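Chain residues, written in single-letter form:
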Amino acid sequence: KANRLMKSEDTVIDVSGVKIGGGTFTVMAGPCSVETREQILEVANSVQKSGAQILRGGAFKPRTSPYAFQGLEMEGLELLKEARKETGLPIVTEIMSPSHVAKFAEEVDVIQVGARNMQNFDLLKELGKIDTPILLKRGMSATIEEWLMSAEYIMAGGNENVILCERGIRTFEKYTRNTLDLSAVLAVKKLSHLPVIVDPSHATGKRWMVKDLALAAAAVGADGLMIEVHNDPENALCDGAQSLEPKAFDKLMKSVNSLVTAL
Ligand code: PEP
Ligand code: MN
């Protein structure tokens, strides 16, 4: 179902009125984690002013260490909903457990499957039974074929609203957190009709690289971006080093918008 041979025209996904795919360019932005009401409302308002169309924020966080901040969980989800109400921005947040699928389907606009759960097939099967758009991140060691097969799991169940997200893969290189595979954008667009966005924040782990790689993503034809933005990156509870301050995000949006218009 994800195969381009089955459907030649690009799939356009409607996220509560915001279109993803088919020639539009959509930016999702916000903090790695929802931390406090003040934080999420401040970041939501600022990314909206800069032109982001969707608000991101983690409530359930897949942390490498069990002792690291795990997210505000359901309280984080409530705060995201409050930020949506205040700004009108649809929200995307990560799901970790199949037991949360029904609640997320009711309450969020896009359900994110993180890199670590890309092959959690039980979770993918549950997500196939709803019709909420799914943002499927590429697993950190997944081939393009494995990634598309995970999309296929969701689509096979009947949910064809899948957005792919390239977020960097693990290679021998250690300078960056991951290695951003921009050729995967071209490959996926050839192999599939699904939209694909790029997350240069998790791909690099370094805020100074984010804007240039966002531009590169737009240049290779990605359908949009996911960017981490924090009002106080130095004190962020998660991923501060890769998070842009609102001012830097505003600059990124101006550059990306002028490139996208020129393309
Ligand atoms: C995230 O988006 O905050 C995240 C954990 O991303 P990934 O699954 O790509 O590591
Ligand atoms: Mn993060």
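Described in the following lines is the structure provided in the data block. (Residues numbered from 1 in each chain as written. Chains lettered and ligands numbered in written order. Predicted model: local features only at pLDDT ≥ 70, side-chain atom pairs only at ≥ 80, totals over all residues.)

### A look at the packing of helix α8 (residues 207-219) against helix α9 (residues 246-262)
- It is the contact of α8 with α9, at a shortest axis distance of 10 Å, that shows an interaxial angle of 20°. Considered as vectors, α8 and α9 are oriented roughly parallel to each other. Regarding α8 and α9, the two cross each other, and that crossing is right-handed. Contacts between α8 and α9 involve V210, K211, A214, L215, A218 and A219 on the former and, on the latter, K251, L252, S255, V256, L259 and V260.
- The class makeup of the residues in the contact of α8 with α9 is nine nonpolar, one polar and two charged. (Axes fitted to C-alpha atoms, helices over the stretch in contact; angles between N-to-C directions. Helix = DSSP H or I, 4+ residues; strand = E, 2+ residues; numbered from the N terminus. Parallel < 35°, antiparallel > 145°, perpendicular 65-115°, else oblique. Left-handed = near helix turned anticlockwise from the far one by under 90°. Contact = placed C-beta atoms within 7 Å. Nonpolar A, V, L, I, M, F, W, Y, C, P; charged D, E, K, R; others polar.)

### A look at unusual backbone geometry
- The phi torsion at S16 lies on the positive side, around 45°, for a residue other than glycine.
- Relative to the helices and strands, S16 is located in the loop between β1 (13-15) and β2 (18-20).
- Looking at S16, the number of C-beta atoms within 10 Å reads 15, which means it is partly exposed.
- Phi is positive for D239, close to 60°, though the residue is something other than glycine.
- Position of D239 among the secondary structure elements: in the loop between β10 (224-228) and α9. (Buried ≥ 20, exposed ≤ 12 C-beta atoms within 10 Å, placed from the backbone.)

### Structural notes on the pairing of strand β5 (residues 91-95)
- For β5, the tally of buried residues reaches five of five residues, placing the bulk of the element in the interior.
- Where strand β4 (residues 54-56) meets β5, two bridges bridge the pair, whose relative direction is parallel. When the sheet's bridge partners are listed, R56 is paired in β5 with V92.
- Chirality of the crossover, the property in question, places the unit of β4, helix α2 (residues 74-87) and β5 among those that are right-handed. (Pairing = 2+ DSSP bridges. Right-handed = clockwise from strand over helix to strand, strands pointing away.)

### So, the sheet that holds strand β9 (residues 196-198)
- Here eight strands make up a closed barrel; going around it, the order is β3-β4-β5-β6-β7-β8-β9-β10 and the pairing parallel. Neighbour-to-neighbour, the strand axes of this sheet turn through a mean angle of 30°, independent of strand direction.
- Pairing of strand β6 (residues 110-113) with strand β7 (residues 134-137) involves three bridges; the strand directions are parallel. Paired with V113 across the strands is L136, a residue of β7.
- Contacting β3 (26-30) and β4, helix α1 (residues 37-50) runs over the sheet at an angle of about 155° to β3.
- Taken strand by strand, helix α6 (residues 183-191) contacts β8 (162-166) and β9, and its axis lies near 175° from that of β9.

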